[in-house]
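Below, each chain spelled out in residue letters.
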Amino acid sequence: VHDYCSGYSLLRDPRHNKGLAFTDKERDAHYLLGLLPPSVPSQELQVKKLMNIIRQYQVPLQKYMYMMDLQERNERLFYKLLIDHVEEMLPIVYTPTVGEACQKYGSIFSRPQGLYISLKEKGRILEVLRNWPEKNIQVIVVTDGQRILGLGDLGCQGMGIPVGKLSLYTALGGVRPSACLPITIDVGTNNEKLLDDEFYIGLRQRRATGQEYDELLHEFMTAVKQNYGERVLVQFEDFANHNAFDLLAKYGTTHLVFNDDIQGTAAVVLSGLMAALKLLGGTLADHRFLFLGAGEAGTGIAELIALEISKQTQMPLDEARKNIWLVDSKGLIVESRKESLQHFKKPWAHDHEPVETLLEAVNDIKPTVLIGTSGVGRTFTQEVVEAMASFNEKPLILALSNPTSQSECTAEQAYTWTNGRAIYASGSPFPPVEYEGQTYVPGQSNNAYIFPGLGLGLIMSGTIRVHDDMLLAASEALAAQVTQENLDNGQIYPPFTNIRKISAHIAANVAAKAYELGLATRLPRPKDLVAYAESCMYSPSYRNYR
């Protein structure tokens, strides 16, 4: 802070600004006398005041805009508020509200956040990265805006997602804000509404594909490694299916990359299943899984379940896949359809006659676990849910599509249609449900349980590659945080209020696996990894300035 000659600029720097909380001594030393009214509130009092303001807004989007404004004005206060009121504020800065923010990003856009890399910058991406003021970057979240949540192609307006995601890396995982870099790669959009919108902020052209797309992405990945080194974590976010799988396969061997839609979703769902086994009994191998939706999330979860089954039972992966069935838009994925399937669906084509509807598939396969990753709302109909309840004492129903409007069924429907016997979790939050005098607390299978702790674990150990065993380690650590009391309420995830403690345990487990696999470069290995994780975490409390 010693660089400040004038207090006026100190108040305008979000990293150092404390608003009224500058002490009398600080005001004197940093030329702030008279620039602030005399009151010196604590940070806690500031949080209380802001929460009063935020709760007066009726519309979630207005709360979102207020929070973004706060982030640009007083960074530490923003994070303090987000951490202290995480359950209330998470749906505002992330799903579901962030989706609406992206849809309207052009018209609510006030000042740019993060880096925009478009086709115009081809050949100059390294230069673009060097324009960013921070040199020591630990996490990049990057999107090309082609598949934002369940909302489709939002082009350049997808920037809301990396910005929101990184604020969670900081609030929940303790990665310091200056080490986070949100990036949007703009190769155009196929969304006609945006192309015709006079306020659209991105390139006005159809999406580049094929070689042109691949070259831009390759230049980007090369520049990132050149500029930030081997240990920067690049998280791919909300890319379209085919690109998401290709990018992960292509760069997984040369970069520290992670796709939250494929791997984060899978780890958080697997963790919920591990916790649910304490209620259902048996091992993963004893259960039958049926998915509606065979895209990134569905196949990613299915693959991680198969991996864990194979690890637990020593059976070959092909064998472990046999208890996992997927339904896509054309019906059950079966052997006879194999020729026409996309490559990531092929491993799931089992021997069975063709089945067209989800209801038939449920009645045929008789799954113990039904998982929705379709991106289409209200597809777990009353018939489907009642069928699940007819052959399972405790049907496990995960309706994972976001935002809430796209959820396969609501919490209330799941409990009502199963006479309160369902174990239920969704992707976006639902309030508790009263059914016949009992209160059911639906779980939220939110990736925010996993990715912040996973990221912290990778960063603090200096890991250079992501290995599937690290995802399994993250799932196990999260499941271990679910208490008997949580289970008695039907919750298969721990409450979000302790998320920073949970993240530290996940980080420790992930780091331990990285050291075990010889992929960690930060040596020697700390003795107590949980304590080390906690010591690495950013604190939003104000600093004292001399």
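Residues numbered from 1 in each chain as written. Predicted model: local features only at pLDDT ≥ 70, side-chain atom pairs only at ≥ 80, totals over all residues. Heavy atoms only, no water.

If you check an unreviewed UniProt entry, the chain appears there as Malic enzyme from Linum tenue. The Sequence similarities (unreviewed entry) comment attached to the chain in UniProt states, word for word, "Belongs to the malic enzymes family." (UniProt positions renumbered as here; feature names shortened; annotations may be inferred.)

Asks: Explain the sheet that holds strand E7 (residues 324-328) here, please?
Replies: Backbone-to-backbone hydrogen bonds join strands into a sheet, with any given pair of strands oriented parallel or antiparallel. On the basis of which strands lie adjacent, the open sheet formed by seven strands has the order E8-E7-E6-E9-E10-E11-E14 and mixed pairing. Edge positions in the sheet fall to strand E8 (331-332) and strand E14 (443-444), since each has one partner strand and no second. Sheet topology note: the E7/E8 ladder contains two bridges and is antiparallel. Across the sheet, the residue bridging to Asp328 is Gly331, located in E8. Packed on one face of the sheet, helix H14 (residues 260-280) meets strand E6 (289-292), strand E9 (369-372), strand E10 (396-399) and strand E11 (423-426) and runs near 160° to E10. (Pairing = 2+ DSSP bridges. Helix = DSSP H or I, 4+ residues; strand = E, 2+ residues; numbered from the N terminus. Contact = heavy atoms within 4.5 Å. Axes fitted to C-alpha atoms, helices over the stretch in contact; angles between N-to-C directions.)

Asks: Honestly, the UniProt feature "domain: Malic enzyme NAD-binding" (unreviewed entry) in the chain in this entry has me stumped. Any pointers?
Replies: Feature annotation in UniProt places "domain: Malic enzyme NAD-binding" (unreviewed entry) on residues 262-515, given in this structure's numbering. Helix makes up 44% of residues 262-515 and strand 12%, and the two end C-alpha atoms of the span are 24 Å apart.

Asks: What am I meant to see in a negative patch on the surface here?
Replies: A cluster of acidic residues, Glu353, Glu356, Glu360 and Asp364, forms a negative patch on the protein surface. With respect to the element layout, Glu360 can be found in helix H17 (residues 358-365). (Patch = residues over 30% accessible without salt bridge, like charges linked within 9 Å, V, L, I, M, F, W, Y side chains within 5 Å. Areas by Shrake-Rupley, 256 points an atom, 1.4 Å probe, with all protein chains shown as cover. Salt bridge = Lys/Arg side-chain N within 4 Å of Asp/Glu carboxyl O. Lys, Arg positive; Asp, Glu negative; His and termini not counted. Charge placed at Lys NZ, Arg CZ, Asp CG, Glu CD.)

Asks: Help me understand the pairing of E11 in this model?
Replies: Strand residues, when the strand is regular, have side chains that alternate between the two faces of the sheet. Of the two faces of E11, the one holding Ile423 and Ala425 and the one holding Tyr424 and Ser426 are both buried throughout. Across four bridges, the pairing between E10 and E11 is parallel. Paired with Ile397 across the strands is Tyr424, a residue of E11. Between the parallel pair E10 and E11, the chain is carried across by helix H19 (residues 411-417), and the sense of this crossover is right-handed. Bridge count for E11 against E14 is two bridges, and the pairing is parallel. Each bridged residue has a counterpart across the sheet, and for Ala425 the counterpart in E14 is Gly443. (Buried < 20%, exposed > 50% of the residue type's maximum accessible area, 1.4 Å probe, protein only. Right-handed = clockwise from strand over helix to strand, strands pointing away.)

Asks: Got a minute to help me understand the pattern of salt bridges in this structure?
Replies: Inspection of every chain in the model, using the stated rule, returns 26 salt bridges. Arg55 is the salt-bridge partner of Glu88, the closest N and O atoms lying 2.8 Å from each other. A residue pair is termed long-range when its members are at least 10 positions apart, and Glu88 in helix H6 (residues 86-93) and Arg55 in helix H3 (residues 43-56) qualify at 33 residues. Looking at Arg55, the relative accessible area reads 41%, which means it is partly exposed. In this structure, Asp153 engages Arg207 in a salt bridge whose closest nitrogen and oxygen atoms are separated by 2.9 Å. Linking Asp153 in the loop between strand E2 (139-143) and helix H10 (160-173) with Arg207 in the loop between helix H11 (192-195) and helix H12 (210-228), this pair joins segments that are 54 residues apart in sequence. Each member of the pair, Asp153 as well as Arg207, carries the same accessibility label: buried. Ionic contacts of the salt-bridge type, sharing partners, join the residues Arg147, Asp238, Asp261 and Glu296 into one network.

Asks: Just to check I follow, could you spell out the packing of aromatic side chains for this structure?
Replies: Any pair of aromatic rings gets described here by the distance separating the centres and the angle formed by the planes. One pass over the full model with this rule turns up 12 aromatic pairs. Here Phe22 and Tyr545 contribute two aromatic rings whose centre-to-centre distance is 6.2 Å and whose plane-to-plane angle is 40°, an arrangement assigned as tilted. With Phe22 in the loop between helix H1 (7-11) and helix H2 (24-29) and Tyr545 in the segment after helix H24 (529-536), the pair connects residues that are 523 residues apart, well separated along the chain. A relative accessible area of 0% means that Phe22 is categorised as buried. Measuring from centroid to centroid gives 5.9 Å for Tyr57 and Tyr66, while their planes differ by 50°, and the two rings are tilted. (Phe/Tyr/Trp six-rings, centres within 6.5 Å; stacked < 30°, edge-to-face > 60°.)

Asks: Explain the environment of Ala479 to me, please; I cannot follow it from the model alone.
Replies: Topologically, Ala479 is positioned in helix H21 (residues 468-480). A sequence separation of 395 residues divides Ala479 from Asp84, and the C-alpha atoms of the two residues are 23 Å apart.

Asks: Looking at this model, I keep getting lost on the UniProt feature "domain: Malic enzyme N-terminal" (unreviewed entry) in the chain. Mind explaining?
Replies: Under the UniProt annotation, the feature "domain: Malic enzyme N-terminal" (unreviewed entry) is placed at residues 71-252. Across residues 71-252, helical content stands at 48% and strand content at 11%; the span's end C-alpha atoms are separated by 33 Å.

Asks: Can you walk me through unusual backbone geometry in this structure?
Replies: Glycine aside, a negative phi is what most residues show, and trans is what most peptide bonds show. With an omega of 10°, the peptide bond running from Thr95 to Pro96 counts as cis. Mapped onto the fold, Pro96 is located in the loop between H6 and helix H7 (97-103). Residue Leu523 is joined to Pro524 through a cis peptide bond whose omega torsion reads -5°. At Gln314, a position not held by glycine, the phi torsion is positive, near 65°.

Asks: I keep staring at the side chain of Asp260 and nothing clicks. Help me out?
Replies: Within the secondary structure, Asp260 is located in helix H14. Owing to a relative accessible area of 0%, Asp260 belongs among the buried residues under this scheme. A polar contact is formed between the side chain of Asp260 and the side chain of Lys165, at a distance of 2.6 Å. When sequence neighbours within four positions are dropped, the list of residues in contact with Asp260 reads Lys165, Gln235, Phe236, Glu237, Thr265, Asn447 and Phe451. (Polar contact = N/O pair within 3.5 Å; in protein donor to acceptor, adjacent residues only side chain to side chain.)

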